[in-house]
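# Close look at the chain arrangement
One letter stands for each residue in the lines below.
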Amino acid sequence: MTVRISNAVRSALANQITTAIDAGAAGKLRIYTASQPAGPDTAVGAQTLLAEFTLADPSFGAASNGVITLAGAPRTTTGLAAGTAAWFRILDSTNVAV
């Protein structure tokens, strides 16, 4: 069965994601190597953290047709290791995965 969601609902969900990222202060985007954990609540294991970006606050603009776009350039970028990027995780200002 195919589930189809209206643009209005997709946009509302996308805006809620932005609200979760921006809770408190600027969120972060972390890029890792190796295989991705099962979900955002699963701890990062043997993966190597390659880089961390501190996002602008707000992190994304208002959703349009269910899509949110990064608002400006990240405030800071920290390169931590060399390697091949495989996946990323977005966190709120308290380092809780969104």
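Just above, that's the structure.
Treat the numbers as computed from the prediction; the structure is a model and nothing was measured.

Bringing the overall build of the chain into the picture now. The secondary structure content of the chain amounts to one helix and four strands. With the C-alpha coordinates aligned to their principal axes, the bounding extent of the chain is approximately 40 × 35 × 20 Å. Contacts in the chain between residues at least 24 apart in sequence constitute 68% of all its contacts with a sequence separation of at least 6. When the accessible surface of the chain is summed, it comes to about 6000 Å², and 57% of that surface belongs to carbon and sulfur atoms. Side-chain charges in the chain split into 6 positive and 5 negative, and the spacing between the mean points of these groups amounts to 8 Å.

Judged by how many residues are buried, strand E4 (residues 87-91) sits mostly within the fold: four of five residues are covered. Of the pairings in the sheet, the one linking strand E1 (residues 28-32) to E4 comprises five bridges and is antiparallel in character. Across the sheet, Lys-28 pairs through a bridge with Leu-91, a residue of E4.

Attention shifts here to the environment of Leu-49. Within the secondary structure, Leu-49 is located in strand E2 (residues 49-54). The partly exposed category is assigned to Leu-49, whose relative accessible area is 24%. When the C-alpha atoms of Leu-49 and Ile-31 are compared, they prove to be 6.0 Å apart, with 18 residues separating the residues in sequence. If near-sequence neighbours (up to four positions away) are discounted, Leu-49 is found in contact with Arg-30, Ile-31, Tyr-32, Leu-80 and Ala-81.

A few words on the side chain of Lys-28. Within the element layout of this structure, Lys-28 appears in strand E1. An unpaired buried charge is present at Lys-28: no salt bridge exists, and Glu-52, the closest side chain of opposite charge, is 5.1 Å distant. A distance of 2.7 Å separates the side chain of Lys-28 from the side chain of Asn-95, its partner in a polar contact. Apart from residues lying up to four places away in sequence, Lys-28 is in contact with Glu-52, Phe-53, Thr-54, Leu-55, Arg-89, Ile-90, Leu-91, Ser-93 and Asn-95.

Reading the values: the criteria
- Throughout this document, residue positions are counted from 1 along each chain, in the order its sequence is written.
- Given that this is a predicted model, residues contribute local features only at a pLDDT of at least 70 and side-chain atom pairs are listed and counted only at 80 or more, while totals for whole chains, interfaces and linings are drawn from all residues.
- With hydrogens and water set aside, each side-chain value is computed from the structure's full complement of heavy atoms.
- What counts as a helix is a DSSP run of H or I of at least four residues, what counts as a strand is a run of E of at least two, and both are numbered from the N terminus.
- By the convention used here, residues are in contact when the closest approach between their heavy atoms is within 4.5 Å.
- Only the protein chains shown count as cover for residues, with accessible areas throughout obtained via the Shrake-Rupley method and a probe of 1.4 Å.
- Under the convention used here, Asp and Glu are negative, Lys and Arg are positive, and both His and the chain ends fall outside the count.
- Where a charge lies is defined by one atom per residue type: Lys uses NZ, Arg uses CZ, Asp uses CG and Glu uses CD.
- Here's how the labels work: a residue is buried when its accessible area is under 20% of the maximum for its type, exposed when over 50%, partly exposed in between, all with a 1.4 Å probe on protein chains only.
- Two strands make a pair as long as DSSP finds a minimum of two bridges between them.
- By definition here, a salt bridge exists when the distance from a side-chain nitrogen of Lys or Arg to a carboxyl oxygen of Asp or Glu is within 4 Å.
- By the criterion applied in these results, polar contacts are pairs of N or O atoms within 3.5 Å in which, for protein atoms, one can donate a hydrogen and the other can accept it, and in which residues neighboring in sequence qualify only through two side-chain atoms.

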